[in-house]
Amino acid sequence: MEDSGRLILENLIKLTRSSENKFKQGNFKGALEDKIKVNAILKSRSCDEKMIQKYRKELSSLYSSKFDLIFDHKLKINELKINEIVKMLERKSDEKLKNLDYRGAIKALRRAEKYISN
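Just so it is clear, the model here is predicted, and its values are computed rather than measured.

Student: Kindly report on the packing of helix α5 (residues 79-98) against helix α6 (residues 102-116), identifying the contributing residues and their values.
Tutor: At a closest axis distance of 8 Å, the pairing of α5 and α6 adopts a crossing angle of 165°. Between α5 and α6, the interaxial angle falls into the category roughly antiparallel. Crossing of α5 over α6 shows left-handed handedness. Counting all contacts with α5, which are made through Ile82, Ile85, Val86, Leu89, Glu90, Lys92, Ser93, Lys96 and Leu97, the residues of α6 involved are Tyr102, Gly104, Ala105, Ala108, Leu109, Arg111, Ala112, Tyr115 and Ile116. Within the contact of α5 with α6, the residues separate by chemical class into 12 nonpolar, two polar and four charged.

Written out as C-alpha cells, the structure reads:
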C-alpha cells in the first residue's frame, strides 16, 4: 500500500513538473491537460491527506519566489477564504477552457495551486 502511495505521489510530481515545463515553452494546452490529470488524481480516493500534504510541500518548492504576492496575501486571510479563492479560480479555469482559452485556463489553475501550497 505504501509503495502505491509513493508511486502516486511521484506521478503527481512528474505531471506537475511536466505541466510547468510545457507552460514555460508556451504549450498551454499540454500544460492544462497535465494539470487536469493532477487535479483528477488529487480528488480521487487514492489520495489521502498525508499524500496531499506532501504534494503541497512539493508545490511550495516549485513556486517559491522572493516576490510572491499570493504568499503575502495568504498570510492575511483565513483557510475558509483561501478555499473560496481556490474554488473561484477553478471555476474561472473551467470557463476559460470552454472558450478554448488554454492560456487563461492554465494560468487560473496555477494561481489556485499557489494558494494551496504551503
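Next comes the rest of the write-up.
Student: So what's going on with the side chain of serine 19? Residues and values would help.
Tutor: Counting through the fold element by element, serine 19 comes out in helix α1 (residues 2-24). Classification of serine 19 by relative accessible area gives buried; the value is 0%. Among residues more than four places away in sequence, those in contact with serine 19 are Ala31, Asp34, Lys35 and Ile106.

Student: Quick rundown of the confidence of the model for the protein? Include the residues and the values.
Tutor: When pLDDT is averaged along the protein, the result is 84; 89% of the residues meet or exceed 70. Considering each helix and strand of the protein separately, the mean pLDDT is smallest for helix α4 (residues 69-74), with a value of 69, and largest for α5, with 91.

Student: Go over the nonpolar core, please, and point to the residues and values.
Tutor: Ranked by size, the top nonpolar core spans 11 residues in total: Leu9, Leu12, Leu15, Val38, Ile41, Leu42, Cys47, Met51, Ile52, Tyr55 and Leu59. Where this core is concerned, the elements lending two or more residues are α1, α2 (28-43) and α3 (49-62). Ranked by the residues each element gives to this core, the list is headed by α3, at four residues. Apart from the residues within four sequence positions on either side, tyrosine 55 is in contact with Leu9, Leu12, Thr16, Val38, Leu42 and Glu113.

Student: Tell me about the pattern of salt bridges, residues and numbers included.
Tutor: Applying the stated criterion across every chain, the model contains eight salt bridges. Among the salt bridges present, the one from glutamate 20 reaches lysine 35, with a minimum N-O distance of 4.0 Å. Note that glutamate 20 is positioned in helix α1 and lysine 35 in helix α2, a separation of 15 residues in sequence. Exposure class is identical for glutamate 20 and lysine 35. Each is buried. Between lysine 96 and aspartate 101 there is a salt bridge, with the nearest N and O atoms lying 3.9 Å from each other. When salt bridges that share partners are traced, they join Glu20, Lys35, Arg110 and Glu113 into one network.

Student: Describe in detail a positive patch on the surface, supporting the description with residues and values.
Tutor: Judged by side-chain charge, Lys92, Arg103, Lys107 and Arg111 come together as a positively charged surface patch. Per element, the largest residue contribution to the positive patch is three residues, and it comes from α6. Summarising the element assignment, lysine 92 is placed in helix α5.

Rules used in this analysis
- Here, residues in each chain are numbered from 1, in the same order as that chain's written sequence.
- Only residues with pLDDT of 70 or above have their local features reported here, since the model is predicted, and side-chain atom pairs are shown and tallied only from 80 upward, although totals for entire chains, interfaces and linings are computed over all residues.
- Note that the side-chain values use all heavy atoms of the structure and ignore hydrogens as well as water.
- Axis lines are fitted to C-alpha atoms, over the contacting stretch for helices. Their N-to-C directions set the angle, which ranges from 0 to 180 degrees.
- Here a strand is any run of E in DSSP of at least two residues, a helix any run of H or I of at least four, and the numbering for each starts at the N terminus.
- What sets the label is the angle itself: under 35 degrees gives roughly parallel, over 145 gives roughly antiparallel, 65 to 115 gives roughly perpendicular, and the rest give oblique.
- Note on convention: the crossing is left-handed when the near helix lies turned anticlockwise from the far helix by less than a right angle, right-handed when the turn is clockwise.
- Contacts are assigned to residue pairs that have any heavy atoms within 4.5 Å of one another.
- Residues are sorted three ways: Asp, Glu, Lys and Arg are charged, Ala, Val, Leu, Ile, Met, Phe, Trp, Tyr, Cys and Pro are nonpolar, and all the rest, Gly among them, are polar.
- Exposure categories follow from relative accessible area, calculated using a 1.4 Å probe and restricted to protein chains: below 20% of the type maximum is buried, above 50% is exposed, and the middle band is partly exposed.
- Confidence of the predictor at the level of single residues is given by pLDDT, which spans 0 to 100.
- Nine residue types can take part in a nonpolar core, namely buried Ala, Val, Leu, Ile, Met, Phe, Trp, Tyr and Cys, and a core is a set of them joined through side-chain atoms within 4.5 Å.
- For this analysis, a salt bridge means a side-chain nitrogen from Lys or Arg found within 4 Å of a carboxyl oxygen belonging to Asp or Glu.
- Excluding any residue in a salt bridge, patches collect residues exceeding 30% relative accessible area, merging like charges within 9 Å and nonpolar Val, Leu, Ile, Met, Phe, Trp and Tyr side chains within 5 Å.
- A 1.4 Å probe and the Shrake-Rupley method give the accessible areas. Residues count as covered only by the protein chains that appear here.
- All tallies of charge rest on Lys and Arg as positive and Asp and Glu as negative; His and the ends of each chain are not included.
- To locate a charge, take atom NZ for lysine, CZ for arginine, CG for aspartate or CD for glutamate.

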